[in-house]
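One-letter residues, chain by chain:
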Amino acid sequence: YNRSIVDKVWSFFSSVKVGVWLIVIALIASALGTIFPQQMYIPADAVSRDPAIYYETYYGILGKIYYQLGFHELYSSWWYMILISLIGISLVICSIDRVVPLYRALKMQKPKRHENFINRQRLYSESTNVAEAEVAKVVERLKKQRYKLSREIGHVLAEKARFSRWGAYVNHIGLIIILIASLLRMTPALFLDEYVWVREGQQVVIPGTENQYYIENKKFTLEKYD
């Protein structure tokens, strides 16, 4: 079987190692974005709101490098968005690659198992010449402990908390939702919030009102508890 380019891409993103490395890279990149303030947080009373001047003036050569590398707008940069998208793709492919076999394995479980399957388990025990009465006692105890039982020609399968097998994929779904939300947050067509910085004594037009409404900060008071 000659693998196509689609097979190779699928295999690459279905690797857990690739997913972990993408997350590590994203964490490092996100941390770099917190070393100095992002451009949107440049104070209004700064020497200059031009980022090229601001970062070099306040943070010296490191600030200049920080600006030249584009870290001043890191979270909206194209490469950061691509990195987040790759993590999402990896999560989706990893989930699909493992959810379908897991679903089949859980749905089609049979009480009778091959000896090799038993030998591969981390913990198992073996008994011989077990009376039917003893088996009935074990089955009764399992029922009291709310195990789901199925039987087949002298074989008994007891299951409990099967949903826990899906825990990792529930996490995957949560992460995928968060990643989609973060990408949509950077999409101009879906950007609903606009922030207004109004310092004490300032009067600023409210965005989207076509200069009809203004907001004024008459006084700012800071109170601290002992």
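Structure first, text after, so check above.
Residues numbered from 1 in each chain as written. Predicted model: local features only at pLDDT ≥ 70, side-chain atom pairs only at ≥ 80, totals over all residues. Heavy atoms only, no water.

A separate point is the packing of helix α4 (residues 78-107) against helix α7 (residues 167-185). Interhelical geometry of α4 versus α7 gives an angle of 155° and a closest axis separation of 10 Å. In terms of axis orientation, α4 runs roughly antiparallel to α7. As for how α4 packs across α7, the hand of that crossing is left-handed. Along its contact with α4, which presents Met 81, Ile 84, Ser 85, Ile 87, Gly 88, Leu 91, Val 92, Cys 94, Ser 95, Arg 98, Val 99 and Leu 102, the element α7 presents Tyr 169, His 172, Leu 175, Ile 176, Leu 179, Ser 182 and Leu 183. Of the residues contributing to the contact of α4 with α7, the split by class is 13 nonpolar, 5 polar and 1 charged. (Axes fitted to C-alpha atoms, helices over the stretch in contact; angles between N-to-C directions. Helix = DSSP H or I, 4+ residues; strand = E, 2+ residues; numbered from the N terminus. Parallel < 35°, antiparallel > 145°, perpendicular 65-115°, else oblique. Left-handed = near helix turned anticlockwise from the far one by under 90°. Contact = heavy atoms within 4.5 Å. Nonpolar A, V, L, I, M, F, W, Y, C, P; charged D, E, K, R; others polar.)

What follows covers helix α3 (residues 51-68). Compared with the 26 Å implied by 1.5 Å per residue over 18 residues, the 10 Å span of α3 between its first and last C-alpha is markedly short. The axis of α3 is deflected most strongly, by about 150°, at Tyr 59. Of all the residues in α3, the buried ones are Pro 51, Tyr 54, Tyr 55, Gly 63 and Tyr 66. As for α3, its buried residues are in contact with α2 (16-32). Remark: Gly 70 follows α3 within two positions and exhibits a positive phi of approximately 85°. (Expected span 1.5 Å × (residues − 1). Bend = angle between axes of the 7 residues up to and from the residue. Buried < 20%, exposed > 50% of the residue type's maximum accessible area, 1.4 Å probe, protein only.)

Residues Tyr 55, Tyr 80 and Ile 87 are the most contacted members of the largest nonpolar core, which totals 20 residues. Counting residues per element, the ones that place at least two in this core are α2, α3, α4 and α7. A total of 6 residues in this core trace back to one element, the largest contributor, which is α4. Apart from residues no more than four positions distant in its own chain, Ile 87 is found in contact with Leu 22, Ile 23, Ala 26 and Leu 179. (Core = buried A, V, L, I, M, F, W, Y, C linked by side-chain atoms within 4.5 Å.)

This part takes up α2. In this model α2 runs 25 Å from its N-terminal to its C-terminal C-alpha over 17 residues, within 8% of the 24 Å that 1.5 Å per residue would give. Every buried residue belonging to α2 is among Val 18, Gly 19, Leu 22, Ala 26 and Ala 29, and all of these are buried. Down the axis of α2, the smallest arc covering the buried residues is 100°, so these residues share one side. Away from its buried face, by an angle of more than 90 degrees, α2 presents the exposed residues Lys 17, Trp 21, Leu 27 and Ile 28. Residues of α2 that are buried make contact with α1 (5-13) and α4. The backbone nitrogen of Lys 17 has a side-chain oxygen 3.3 Å away, supplied by the residue at the start of α2, namely Ser 15. (Arc of directions from axis to C-beta. Polar contact = N/O pair within 3.5 Å; in protein donor to acceptor, adjacent residues only side chain to side chain.)

Contact geometry of α2 with α4 gives a least axis separation of 10 Å together with a crossing angle of 155°. The orientation of α2 with respect to α4, classified from their angle, is roughly antiparallel. In terms of crossing hand, the pair formed by α2 and α4 is left-handed. In this structure, α2 contributes Val 16, Gly 19, Leu 22, Ile 23, Ile 25, Ala 26, Ala 29 and Ser 30 to the contact, and α4 contributes Trp 79, Tyr 80, Leu 83, Leu 86, Ile 87, Ser 90 and Arg 98.

Geometric descriptors of this kind do not, in isolation, establish any biological role.
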